[in-house]
Amino acid sequence: MKTDFWKRFRKDFPITERWTYLDHAAAGPIAKPVHEEVQRAYWDTVHYGDVHWRAWLEKRESIREKFARFIHADASEIAFIHSTSEGMNLIADLISREGSVLTNTLEFPASTVPWLHRKAKIRFLEPVEGVLPVGDIKKNLGHSKILVTSFVQYQNGFRQDLEALGKIKGKRYLVVNGTQGFGVLPINVRKWNADFFCAASYKWFLAGHGGGILFAKKEWLDKFKPAFAGWRSRVVEEDFNNRTVHLRKAASRTEYGCPTFPVIFALGASLDYFNRIGMEAIEKRVLDLTDYALSRLEDLGLEIVTPLERKYRSGIVVFKMDRAAEVARRFLKKRIFVSPRGPGIRIAPHFYNQFSDIDRLIKELKGLI
Ligand SMILES: Cc1ncc(COP(=O)(O)O)c(C=O)c1O
């Protein structure tokens, strides 16, 4: 694919006119078509109130089906959520009493707090040189019943080999926090043999705050009951009978009240945008950009924190830097957006970034060291 191919997307990201925006692992901008979609949703409410309610519900379902295809699930296994933390709490509510949890010390707290809050027995594995090899996890499975892991780790960019983990998990539940891979790497919950997955809208997915998706494998819908239920959790969504429950056998029963349509439509518009490009192409582009960043950072003599083996790589690169918070603040003044994370600075470019964005960062770093 020619470099020029990627330039065409710049126009959809006006932020590029003023900023060298290099940390989508913190939060991403919203693409213009996604913004337009959200504006249309509110415009509709301004001018039509609730008149289009039915059409909105139909649109929500068509977006749900698209997400099912996107992660290789069934539409009945997808629920819309508002954050990773909400998704992880919904999952923990279902299975935290099933047995002990095995996770690791690299996790973002959204992966662990919901289990700790429920006083689940939890064991944290230590990574070896930033990596949690599936072989090591296998040796440490012990009596655990629940494996909780991020697809990609926020603090060093380590990408877990979920397909291999899914093969050795046995009868344990595999719970995946997908937020740092959602919108940048292909996702296939079937291939991973995942039982649960959740991810947020506002980072790599470029759809703004307040949205996300939850996947719950069909067979667990029979076994477990959600802690919360509401009038819209039932088989007939618009049943006004106030004396029956009859929960729907679908993950969407966790959407117990009226939907957040503009947020769901933003998710749908972003998904359409990604589907037009293709996730394999986006993954390759981001790995090309991060390969380039790694080689230029190494030229500068900076120590890389991110595991370098190809199969462990993602959209995130972390390099060591003293006084990282101060450096990030200085860069902010120059309109370069990066984050202090772990022992240094994190960069996380998306497909619309250019190699010249990396060059600008390197030039500023050169001035510093
Ligand atoms: C792996 C991971 N999960 C979750 C979150 C954020 O959680 P939430 O969507 O609940 O705000 C982050 C934020 O950096 C993250 O890196």
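Residues numbered from 1 in each chain as written. Predicted model: local features only at pLDDT ≥ 70, side-chain atom pairs only at ≥ 80, totals over all residues. Heavy atoms only, no water.

Quick word on the sheet that holds strand β7 (residues 196-200)
Moving on, step 1. In spatial order, the strands read β2-β8-β7-β6-β5-β3-β4; together these seven strands make up an open sheet with mixed pairing. One side of each edge strand has no neighbouring strand; the edge strands of this open sheet are β2 (78-81) and β4 (122-125). Going from strand to strand, the sheet's axes swing by 20° on average, the running direction of each strand aside.
Moving on, step 2. With five bridges connecting them, β7 and strand β8 (residues 212-216) associate as antiparallel partners. Among the inter-strand pairings, Cys-198 is bridged to a residue of β8, identified as Leu-214.
Moving on, step 3. Sheet strands in contact with helix α5 (residues 109-117) are β3 (101-104), β4, β5 (146-150) and β6 (173-177), and its direction is about 150° off that of β5. (Pairing = 2+ DSSP bridges. Helix = DSSP H or I, 4+ residues; strand = E, 2+ residues; numbered from the N terminus. Axes fitted to C-alpha atoms, helices over the stretch in contact; angles between N-to-C directions. Contact = heavy atoms within 4.5 Å.)

Structural notes on the packing of aromatic side chains
Moving on, step 1. Inspection of the entire model under this criterion finds 36 aromatic pairs.
Moving on, step 2. One cation-aromatic arrangement involves Lys-59 over Phe-265; the distance from NZ or CZ to the ring centre is 4.4 Å.
Moving on, step 3. The ring centre of Trp-231 lies 4.6 Å from the NZ or CZ of Arg-232, which sits over that ring. (Phe/Tyr/Trp six-rings, centres within 6.5 Å; stacked < 30°, edge-to-face > 60°. Lys NZ or Arg CZ within 6 Å of the ring centre and 35° of its normal.)

Structural notes on the nonpolar core
Generally speaking, nonpolar side chains in soluble globular proteins are found buried as a group.
Moving on, step 1. One finds Phe-67, Ile-71, Phe-197 and Phe-351 to be the most contacted residues of the largest nonpolar core, which totals 70 residues.
Moving on, step 2. Discounting residues that sit within four places of it in the chain, Phe-197 has contacts with Ile-71, Ile-91, Val-176, Gly-178, Ile-187, Val-189, Trp-192, Ile-213, Leu-214 and Phe-215.
Moving on, step 3. Counting residues in hydrophobic clusters, the runner-up holds 23 residues, among them Val-101, Ala-216, Trp-220 and Ala-251. (Core = buried A, V, L, I, M, F, W, Y, C linked by side-chain atoms within 4.5 Å. Buried < 20%, exposed > 50% of the residue type's maximum accessible area, 1.4 Å probe, protein only.)

Observations regarding the site of the ligand
Moving on, step 1. The ligand sits among 13 residues. The nearest are Thr-84, Ser-85, Asn-177, Gln-180 and Lys-203.
Moving on, step 2. At 2.6 Å from an oxygen atom of the ligand is found a side-chain nitrogen or oxygen belonging to Thr-84.
Moving on, step 3. One of the side-chain N or O atoms of Ser-85 is found 2.5 Å from an oxygen atom in the ligand.
Moving on, step 4. Considering the ligand on its own, with 400 Å² of exposed area, one finds that the protein chains cover 89% of that surface.
Moving on, step 5. Looking at the shell around the ligand residue by residue, the classes come out as five nonpolar, seven polar and one charged. (Near = heavy atom within 4 Å. Polar contact = N/O pair within 3.5 Å; in protein donor to acceptor, adjacent residues only side chain to side chain. Areas by Shrake-Rupley, 256 points an atom, 1.4 Å probe, with all protein chains shown as cover. Nonpolar A, V, L, I, M, F, W, Y, C, P; charged D, E, K, R; others polar.)

Digging into unusual backbone geometry
Moving on, step 1. The phi angle at Asn-193 is positive, at roughly 60°, despite the residue not being glycine.
Moving on, step 2. Positionally, Asn-193 belongs in the loop between α8 (189-192) and β7.
Moving on, step 3. Taking the relative accessible area as the measure of exposure, Asn-193 reaches 30% and is therefore partly exposed.
Moving on, step 4. For His-246, which is not a glycine, the phi torsion comes out positive at approximately 40°.
Moving on, step 5. Mapped onto the elements, His-246 comes out in the loop between α9 (218-223) and α10 (261-277).
Moving on, step 6. When its relative accessible area of 57% is taken as the criterion, His-246 is described as exposed.

What about a nonpolar patch on the surface?
Moving on, step 1. Taken together, the side chains of Trp-43, Tyr-48 and Val-51 make up a nonpolar region of the molecular surface, amounting to roughly 350 Å² of accessible area.
Moving on, step 2. Note on placement: Val-51 falls in the loop between α2 (32-48) and α3 (53-71). (Patch = residues over 30% accessible without salt bridge, like charges linked within 9 Å, V, L, I, M, F, W, Y side chains within 5 Å. Salt bridge = Lys/Arg side-chain N within 4 Å of Asp/Glu carboxyl O.)

A word on the packing of helix α11 (residues 279-299) against helix α13 (residues 355-368)
Moving on, step 1. Where α11 contacts α13, the two axes come as close as 10 Å, and the packing angle between them is 20°. With respect to α13, the element α11 is oriented roughly parallel. As α11 runs across α13, the sense of the crossing is right-handed. Note on element contacts: α13 touches α11 through Phe-355, Ile-358, Asp-359, Ile-362, Leu-365 and Lys-366, opposite Arg-285, Asp-288, Leu-289, Tyr-292, Ala-293, Arg-296 and Leu-297.
Moving on, step 2. The residue inventory of the contact of α11 with α13, partitioned by class, reads eight nonpolar, no polar and five charged. (Parallel < 35°, antiparallel > 145°, perpendicular 65-115°, else oblique. Left-handed = near helix turned anticlockwise from the far one by under 90°.)

As for the pairing of β8
Moving on, step 1. The element β8 is extensively covered by neighbouring structure, given that five of its five residues are classed as buried.
Moving on, step 2. With burial as the criterion, each face of β8 is covered, one bearing Gly-212, Leu-214 and Ala-216 and the other bearing Ile-213 and Phe-215.
Moving on, step 3. In this sheet, β8 lies alongside β2 in antiparallel orientation, the contact comprising four bridges. In the strand pairing of β8, Ile-81 is matched with Gly-212.

Some thoughts on the side chain of Gln-354
Moving on, step 1. Its place among the elements puts Gln-354 in the loop between β12 (344-347) and α13.
Moving on, step 2. Given a relative accessible area of 8%, Gln-354 falls into the buried group.
Moving on, step 3. The contact partners of Gln-354, leaving out residues within four places of it in the chain, are Trp-6, Lys-7, Arg-10, Arg-285 and Leu-289.

Thoughts on the sheet that holds β12
Moving on, step 1. Strand order in this open sheet of three strands is β9-β12-β11, and the pairing throughout is antiparallel. Single-partner strands in this sheet number two, and they are β9 (317-320) and β11 (339-341). Strand-to-strand, the axes of this sheet are offset by a mean angle of 40°, without reference to chain direction.
Moving on, step 2. Relative to β12, β9 runs antiparallel, the two sharing four bridges. Pairing of Phe-319 across the sheet is with Ile-345, part of β12.
Moving on, step 3. Where helix α12 (residues 324-333) meets the sheet, it contacts β11 and β12, and its direction lies at approximately 45° from that of β12.

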